[in-house]
Amino acid sequence: MTHNRDELDPIDPGTARELYLDHKKTHCTEATVTGHYYRTQHIVNWCEENGINNLNDLTGRDLHEFRLWHMERNDIKQITLRQHMCTLRVFLKWAASIEAVPAELYDKVMIPDVGRSERQRDEMLDSENAEEILEYLSRYHYAARKHIIIALLWETGIRIGAAVSIDLEDVNLDDGYIELVHRPDEGTTLKNGKSGERPVAITDGLSELLEEYIENNRLDSVDEYDRDPLITSKFGRLTRGSYRRAVYQTTAPCFRGEPCPGCIDSSDKACPEAVNPHAIRRGSITHYLTKDVPVEVVSDRMNVSRDVLDQHYDRRSEEVKLEQRRGYVTEI
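Residues numbered from 1 in each chain as written. Predicted model: local features only at pLDDT ≥ 70, side-chain atom pairs only at ≥ 80, totals over all residues. Heavy atoms only, no water.

## Topic: the packing of helix H7 (residues 145-156) against helix H10 (residues 240-251)
And step 1. With their axes 10 Å apart at the nearest point, H7 and H10 run at an angle of 90 degrees to one another. On the basis of the axis angle, H7 is roughly perpendicular to H10. Contact with H7, carried on its side by Lys146, Ile149, Ile150 and Leu153, involves Tyr243, Ala246, Val247, Gln249 and Thr250 of H10 and no other residues of that element.
And step 2. Across the contact of H7 with H10, the residue classes tally to six nonpolar, two polar and one charged. (Axes fitted to C-alpha atoms, helices over the stretch in contact; angles between N-to-C directions. Helix = DSSP H or I, 4+ residues; strand = E, 2+ residues; numbered from the N terminus. Parallel < 35°, antiparallel > 145°, perpendicular 65-115°, else oblique. Contact = heavy atoms within 4.5 Å. Nonpolar A, V, L, I, M, F, W, Y, C, P; charged D, E, K, R; others polar.)

## What to know about the packing of helix H3 (residues 60-74) against helix H4 (residues 78-97)
And step 1. In the contact formed by H3 and H4, the axes pass within 11 Å of each other and the chain directions differ by 145 degrees. Crossing of H3 against H4: the hand is right-handed. Residues Leu63, Phe66, Arg67, His70 and Met71 of H3 pack against Gln78, Leu81, His84, Met85, Leu88 and Leu92 of H4.
And step 2. Its residues assigned to classes, the contact of H3 with H4 shows seven nonpolar, three polar and one charged. (Left-handed = near helix turned anticlockwise from the far one by under 90°.)

## Describing empty space enclosed by the protein
If a probe the size of a water molecule is rolled over the atoms, the empty space left behind becomes visible.
And step 1. Within this structure, the stated rule accounts for one cavity of 30 Å³ or more.
And step 2. Computed from the structure, the largest cavity encloses a volume of approximately 60 Å³.
And step 3. Around the largest cavity, the lining residues are Arg39, Thr40, His42, Ile43, Phe66, His70, His84, Thr87 and Leu88.
And step 4. Among the secondary structure elements, those contributing two or more residues to the lining of the largest cavity are helix H2 (30-49), H3 and H4.
And step 5. Ranked by residues supplied to the lining of the largest cavity, first place goes to H2 with four residues.
And step 6. Tallied by class, residues from the lining of the largest cavity come to three nonpolar, five polar and one charged. (1 Å grid on protein atoms, 1.4 Å probe; cavity = no way out; pocket = protein on both sides within 12 Å on 5 of 7 lines; lining within 4 Å. Points joined across faces, edges and corners; volume = space filled by probe spheres on them.)

## Considerations on the packing of aromatic side chains
Here a ring pair, both rings aromatic, is described through the centre-centre distance and the interplanar angle of the planes.
And step 1. In total, this model carries eight aromatic pairs according to the counting rule given.
And step 2. Here the aromatic rings of tyrosine 20 and phenylalanine 91 are separated by 5.1 Å at their centres, their planes lie at 65 degrees, and the arrangement is edge-to-face. Residue tyrosine 20 is found in helix H1 (residues 13-25), and its partner phenylalanine 91 is found in helix H4; the two are separated by 71 residues along the sequence.
And step 3. Among the residues examined, phenylalanine 91 registers a relative accessible area of 1% and is labelled buried.
And step 4. Every member of this aromatic cluster is reached through a ring pair, and the members are Tyr20, Phe91 and Trp94.
And step 5. The side chain of arginine 17 reaches across the aromatic face of tyrosine 37, ending 4.6 Å from its centre. (Phe/Tyr/Trp six-rings, centres within 6.5 Å; stacked < 30°, edge-to-face > 60°. Buried < 20%, exposed > 50% of the residue type's maximum accessible area, 1.4 Å probe, protein only. Lys NZ or Arg CZ within 6 Å of the ring centre and 35° of its normal.)

## Thoughts on the pattern of salt bridges
And step 1. Within this structure, the stated rule accounts for 14 salt bridges.
And step 2. A salt bridge links glutamate 128 to arginine 39; the nearest nitrogen and oxygen atoms lie 2.7 Å apart. Residue glutamate 128 is located in helix H6 (residues 127-140), and its partner arginine 39 is located in helix H2; the two are separated by 89 residues in the primary sequence. Across this residue pair, the class does not change: glutamate 128 and arginine 39 are buried.
And step 3. Lysine 194 is the partner of glutamate 197 in a salt bridge, and the nearest nitrogen-oxygen pair spans 3.3 Å. (Salt bridge = Lys/Arg side-chain N within 4 Å of Asp/Glu carboxyl O.)

By themselves, these figures tell us nothing about what the structure is for.
Now the structure itself:
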């Protein structure tokens, strides 16, 4: 890497972006590459509009002007802007490795400071981060309790209360589904009561993971009603609080040894980059919709009405919705 602009190799922003995406394809999932594809398009558009044909010429002032332009042009929320600027930072750090920008330029990207309460209203675990977390857990914590929690919540999109309620007898690994049952007299409830009861299909991959956990890692303990919970601690059924702590721990980039913008290196404070359990549900729903699973199927699977789904859960970008609509139109 170089700090001297005179030693940089000229490259136009569009070509640099293509090389960056090719680089991501070598070690990232399709979902990760797709996310970076959309989020890096904005800086290329801005460079074209402002006559920057050589990425070498990009400065800290340009990055500031781009951030303001992006906010005004695309009318995005602070939480979305934060995600986009974090991606830009990663892109510029990579660009420095091929002598396309000065080595320190990425550090001049201003990451918006979004309050925790504001983040929780809109935050979502996107598919690329979910897959990176699950890949890490599969490699270093395979079939451990924390792995099961994240895999279960992400694939099924169920609420924490539903996950807590699952007993061993509710899991049918041979036929690939989990039965969600409302048992208020025995300490576990579903948000929508009896109407929330339903079988939830699971993939062969999750079935194999659950089988490994049940046979080798699950603590053999019962709850106060002498029921056998699926996910246990030495005290019996895992509590909602324990689920939340597991989610906060495993969704923090620092858990995987990755840098966190603004992360507080303290054992008594939560990493600001971690997400809450509902963000996994929101991300799971958005993931299914992005994969063109019909809205009615997603609504039934997640036990949420179409109106609530549209208003509170669907976080597909307008670009993704456009491409999905285009796919249907071209088939007419």
